[in-house]
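Chains, contacts and geometry: an overview
If you want the building blocks of each chain, they are given just below.
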Amino acid sequence: MYDIIIVGGGPAGTSSALFASKMGLKSILLEKEFFPRDKICGDALSGKSVRMMRELNLLHEVERLKGAQINRITFGSPSNKQFDISLNSNKNKKTKKKGFVIPRKIFDNFLFKKANTVTETRQGVRVVDVIQKNNYVSGVIIKNEAGKEESIYAPIVLGCDGPFSIIARKLGLYKMDMNHTSVAIRCYYSGVKGLTDQIELHFLKEVKPGYLWLFPAGDGMANIGIGLSKSDAKKESRTLSQILDEVTKSKYFKNRFSDAKQLEKPIGWNLPLGTIHRKNHGNGFMLLGDAAGLVDPFTGEGIGNAMVSAKYAVEVAKESITKRDFSKDFFSKYDNLLWSELGKELRTSSKLQKLARSTFLLNFVINRASRNDEIKNIISS
């Protein structure tokens, strides 16, 4: 019945459905929750996200969603020195950059609705197993809310189901590597001062070797969070919520938070970092987005990389269907395309993440980053 089964209704999954429709492929999109649903995230949409939305002819609609448009990125060093990277300083209007911060409850719902217009979607169903025949993935078994199981078949399965991907787990590819995973907390606030058209990343001694982010989220709301490697978080005597409370009351930030109110309790989640090149394909399947471990190690950005992975996975899927070749060797084209675009950036970000362990080196890098085009491009991408 289907060319592709897409597991997971986040940006990787919905983008896959939209690209599949553009390429004339029949897909089904499976999501365990019901939209609109929240997704713990920094909510930032980078330059790559904007580029993918432009390719999908969605940008003009995204610009009207509730949130904030971003024109610059502020970086702060442990010595509290800051520099700004302007996203739209290019004089050529056709190549000007911009970003957005749109709460995932809004953005993901928008993408899912768009996908629902071009493909079959199923909400409230959990994938419980992978169907294999002759060592090839050939479908999935789902369970609905009533507990009834159903088998769905297709020659290609795309695992777009996040850091704890059931597809990766059932195929023996999932591994929680403490050294290549970050943990973060997010909390929405009202009344944070000084946030206009910028997102801010601060590498602070209180969070070493992680960072604090401050993102405007529209209507006076701000997305505030802390990110830290999972191995370092385990060594901490403080919880991330305690660190966040300490930072917002610190000398450098207390004025900006003097009138601020938390709109929720801080919520945590894991980020599988692109500090290693994980296996992302095999006979009859490909892994995308967080399931493939594509989160930027330095900035924590993952939505843009997830959408890029969707584009390449569907391109390879289209060719594989034409040639009737669903082998691991054929799907290695996906891996090559993906890492040809993202590899250099992820490797550089991995080096910057390691530098964050040294206050001296991090101060040195950030103080000079405004004059380093490679770092500026990574930060603004």
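Heads up: the structure comes first, above all this text.
A short tour of the structure in this document, coming up. (Residues numbered from 1 in each chain as written. Predicted model: local features only at pLDDT ≥ 70, side-chain atom pairs only at ≥ 80, totals over all residues. Heavy atoms only, no water.)

1. Section: the side chain of Asn280
Basically, it comes down to this: Strands here are runs of E lasting at least two residues and helices are runs of H or I lasting at least four, both read from the DSSP assignment and numbered beginning at the N terminus. Partly exposed describes any residue whose relative accessible area lies between the buried limit of under 20% and the exposed limit of over 50%, with all areas from a 1.4 Å probe on protein chains only and scaled to the type maximum. Think of a polar contact as two N or O atoms within 3.5 Å of one another; within protein, one of them needs to be a possible hydrogen donor and the other a possible acceptor, and neighboring residues in sequence only count if both atoms come from side chains.
By secondary structure assignment, the location of Asn280 is in the loop between strand 18 (267-272) and strand 19 (281-282). Here Asn280 falls in the buried class, since its relative accessible area comes to 1%. Within polar-contact distance, the side chain of Asn280 engages the side chain of Asp335 at 2.8 Å.

2. Comments concerning the pattern of salt bridges
For clarity, the cut-off: Salt bridges, as used here, are contacts in which a Lys or Arg side-chain nitrogen is within 4 Å of a carboxyl oxygen on Asp or Glu.
For the structure shown, the criterion picks out 20 salt bridges. Among the ionic pairs, Glu345 bridges to Lys48, the shortest N-O distance being 2.8 Å. Taken together, the residues Glu345 in helix 9 (residues 328-355) and Lys48 in helix 2 (residues 47-55) connect sequence positions 297 residues apart. Just as Glu345 is buried, Lys48 falls in that class too. A salt bridge links Asp245 to Lys249; the shortest N-O distance between them is 3.3 Å. Given the relative accessible area of 37%, Asp245 is considered partly exposed. Classification of Lys249 as exposed rests on a relative accessible area of 57%. Through salt bridges with shared partners, a single network forms among Arg37, Arg104 and Asp108.

3. Details of the environment of Ile106
With respect to the secondary-structure elements, Ile106 resides in helix 4 (residues 104-116). C-alpha separation for the pair Ile106 and Met286, spaced 180 residues apart in sequence, amounts to 27 Å.

4. Let's talk about the packing of helix 2 against helix 8 (residues 303-323)
For the record, the criterion: Note on method: axes are straight lines fitted to C-alpha atoms, helices fitted across the in-contact stretch only, with angles between N-to-C directions ranging 0 to 180 degrees. Angle categories are assigned with fixed cut-offs, so that under 35 degrees is roughly parallel, over 145 is roughly antiparallel, 65 to 115 is roughly perpendicular, and the rest are oblique. Each crossing is labelled by how the near helix is turned from the far one, with a counterclockwise turn of less than a right angle marking it left-handed and a clockwise turn marking it right-handed. Working rule for contacts: check all heavy atoms of both residues, and any pair within 4.5 Å makes them a contact. Polar here means any residue outside two lists: the nonpolar Ala, Val, Leu, Ile, Met, Phe, Trp, Tyr, Cys and Pro, and the charged Asp, Glu, Lys and Arg; Gly therefore counts as polar.
Helix 8 packs onto helix 2 with a crossing angle of 40 degrees between their chain directions and a minimal axis gap of 7 Å. For the element pair helix 2 / helix 8, the angle class is oblique. For the element pair helix 2 and helix 8, the recorded crossing hand is left-handed. Across the interface between the two elements, Lys48, Ser49, Arg51, Met52, Met53 and Glu55 from helix 2 touch Ile303, Gly304, Asn305, Met307, Val308 and Lys311 from helix 8. A class-by-class count of the residues in the contact of helix 2 with helix 8 yields 5 nonpolar, 3 polar and 4 charged.

5. Topic: the packing of aromatic side chains
Our working definition: When two rings of Phe, Tyr or Trp (its six-membered ring) have centres within 6.5 Å they constitute a pair, described as stacked for plane angles under 30 degrees, edge-to-face for angles over 60, and tilted for the intermediate range.
Taken as a whole and assessed by the stated rule, the structure comprises 12 aromatic pairs. Ring centres 5.8 Å apart and planes at 25 degrees place the aromatic pair Phe75 and Phe298 in the stacked group. Within this pair, whereas Phe75 is found in strand 5 (residues 72-76), its partner Phe298 is found in the loop between strand 20 (285-287) and helix 8, the two being separated by 223 residues in sequence. By the burial criterion, Phe75 is buried, and Phe298 matches it. Among the aromatic residues, those joined into a ring-pair cluster are Phe75, Phe83, Phe203, Tyr211, Trp213, Phe215, Trp269 and Phe298.

6. A short note on the sheet that holds strand 20
Going by this rule: Pairs of strands are assigned from DSSP output, requiring at least two bridges between the strands.
Pairing in this open sheet of 6 strands is mixed, and the strands run 8-2-1-12-20-19 from one edge to the other. One side of each edge strand has no neighbouring strand; the edge strands of this open sheet are strand 8 (120-123) and strand 19. In terms of strand pairing, strand 1 (residues 4-7) meets strand 12 (residues 156-159) through 4 bridges, oriented parallel. Directly across from Ile6, in strand 12, lies its bridge partner Leu158. Contacts from helix 8 reach strand 1, strand 12 and strand 20, with the element oriented near 170 degrees to strand 12.

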